Amino acid sequence: MSLLAVEWDDAVEHRGALRLLDQTVLPDRTEFLVVRTVDDLVDAIVRLAVRGAPALGVAGAMGVVVAMDQGEREGWDPARLDAEVDRVRHARPTAVNLAWGVDRVRPLMGEGRDAVLAEARVVAAEDEAANRELSRLAADWLLERIDRPRLRVLTHCNAGALATSAWGTALGVVRELHARGRVELVHVDETRPLLQGARLTAYELAEEGIPHVVQVDSAAASSILRGLVDCAVVGADRIAANGDVANKVGTLGVGLACREAGIPLLVAAPWSTVDLAMADGSSIEIEERPGEEVTGEGDRRTAPAGSRGFNPAFDVTPARFVSAVATERGVVEPAAGVGPGSVQSPSA
Ligand code: MRU
């Protein structure tokens, strides 16, 4: 995967601009959005043109530069600039990385936009390094526990290079396993309603030449219980201190099925996704998206006119169903009964 989801493009005009790969049109078209205003950035985040927790972290950090550059062009006072940065920070609520990315660079605003941009670039570089390290640790963890020459892995949503600064988390683990010659097949949940699995994960796996099949989300439980997969590997949007995991809606069902089948559910995420301020998952805000995303496909309505859609974008998998959380700091095993604080004490 050579395409970057989020990048500061120095070639645009005199100070550069934020460049986003428009993930709403993949895999049909490869198009980029040049973002020069807070309105455009918030719109891109809400429409999921940029998405995935770590990519949102980088977009948030670079979004502060977007706000500063727009503020300078339009003569904003400090209060207005602050309010616009807050709009970026709150554009989507569930992935902690977005607020984390904004907060990481915000203290540097007094030093000027170049200092903020430099730090935002560090955020991106650190994310890639974290992804590569956690992928190695997670692959080791899986291979120590699953006695098969090549693994059959189920994944849900897209936690690949497109969802991060580069490399990927859950798909980073798959890429690491593939590089070691240890992947047989990846079962890709299509991820209704916006098809991040069918459109984006399948695209990334195809680019990497990794064997995969796309299945409807409702096939996940039976694929797991029929013994068609050896483990599930997913990303995360926010991990509470006790190991509860918020991720794309449907992850909970995958976790329940894995528990019943006795196979591991491994959550792969950079440390920036861990939110120690949340004791457990019960206070994580779950984004609810427009019902029309469920009652139709694109512009075509599929449900009867009077039917309303219910569209929570995420769910919370309790720690007791999470076999392992792999971050760049190590692997912890919440389901092993370590209890509250387990994510704070990585084993490696
Ligand atoms: O709504 P999305 O596409 O932003 O949801 C993305 C997910 O749920 C991912 O699994 C998560 O952000 C981890 S990405 C490395």
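These numbers were taken from a predicted model, which means no experiment stands behind them.

**Let's talk about the domain arrangement of the chain**
- Domain boundaries assigned for the chain yield domain 1 (6-126) and domain 2 (133-342).
- Computed over C-alpha atoms only, the centres of domain 1 and domain 2 are separated by 26 Å.
- Facing 24 residues of domain 1, the contacting portion of domain 2 comprises 26 residues.
- Both faces considered, domain 1 and domain 2 share a buried interface measuring about 2,000 Å² in area, 54% of it formed by carbon and sulfur atoms.
- On the domain 1 side of the contact with domain 2, Arg 51, Thr 94 and Val 96 bury the most area, a combined 29% of that side's loss.
- At the junction of domain 1 with domain 2, the criterion picks out 1 salt bridge.
- A salt bridge links Arg 92 to Glu 287; the nearest nitrogen and oxygen atoms lie 2.8 Å apart.
- Run the count over domain 1 and domain 2 and you get 15 residue pairs in polar contact (both at pLDDT 80 or more).
- Of all the secondary structure elements, the ones that give two or more residues to the side of domain 1 that touches domain 2 are helix H2 (53-74) and helix H4 (96-105).
- With 4 residues, the top contributor of residues to the side of domain 1 that touches domain 2 is H2.
- Residues of the side of domain 1 that touches domain 2, tallied by class, amount to 15 nonpolar, 6 polar and 3 charged.

**Quick word on the packing of H2 against H4**
- Where H2 meets H4, the closest approach of the two axes is 7 Å, and the angle between their N-to-C directions is 35°. Remark: the crossing between H2 and H4 carries right-handed chirality. Residues Ala 53, Pro 54, Leu 56, Gly 57, Gly 60, Ala 61 and Val 64 of H2 form the contact with H4, whose participating residues are Asn 97, Leu 98, Gly 101, Val 102 and Val 105.
- Tallied by class, the residues present in the contact of H2 with H4 amount to 8 nonpolar, 4 polar and no charged.

How each quantity is defined
Residues numbered from 1 in each chain as written. Predicted model: local features only at pLDDT ≥ 70, side-chain atom pairs only at ≥ 80, totals over all residues. Heavy atoms only, no water. Domains from an automatic or database assignment. Contact = heavy atoms within 4.5 Å. Buried area = accessible area lost by both parts, 1.4 Å probe. Salt bridge = Lys/Arg side-chain N within 4 Å of Asp/Glu carboxyl O. Polar contact = N/O pair within 3.5 Å; in protein donor to acceptor, adjacent residues only side chain to side chain. Helix = DSSP H or I, 4+ residues; strand = E, 2+ residues; numbered from the N terminus. Nonpolar A, V, L, I, M, F, W, Y, C, P; charged D, E, K, R; others polar. Axes fitted to C-alpha atoms, helices over the stretch in contact; angles between N-to-C directions. Left-handed = near helix turned anticlockwise from the far one by under 90°.

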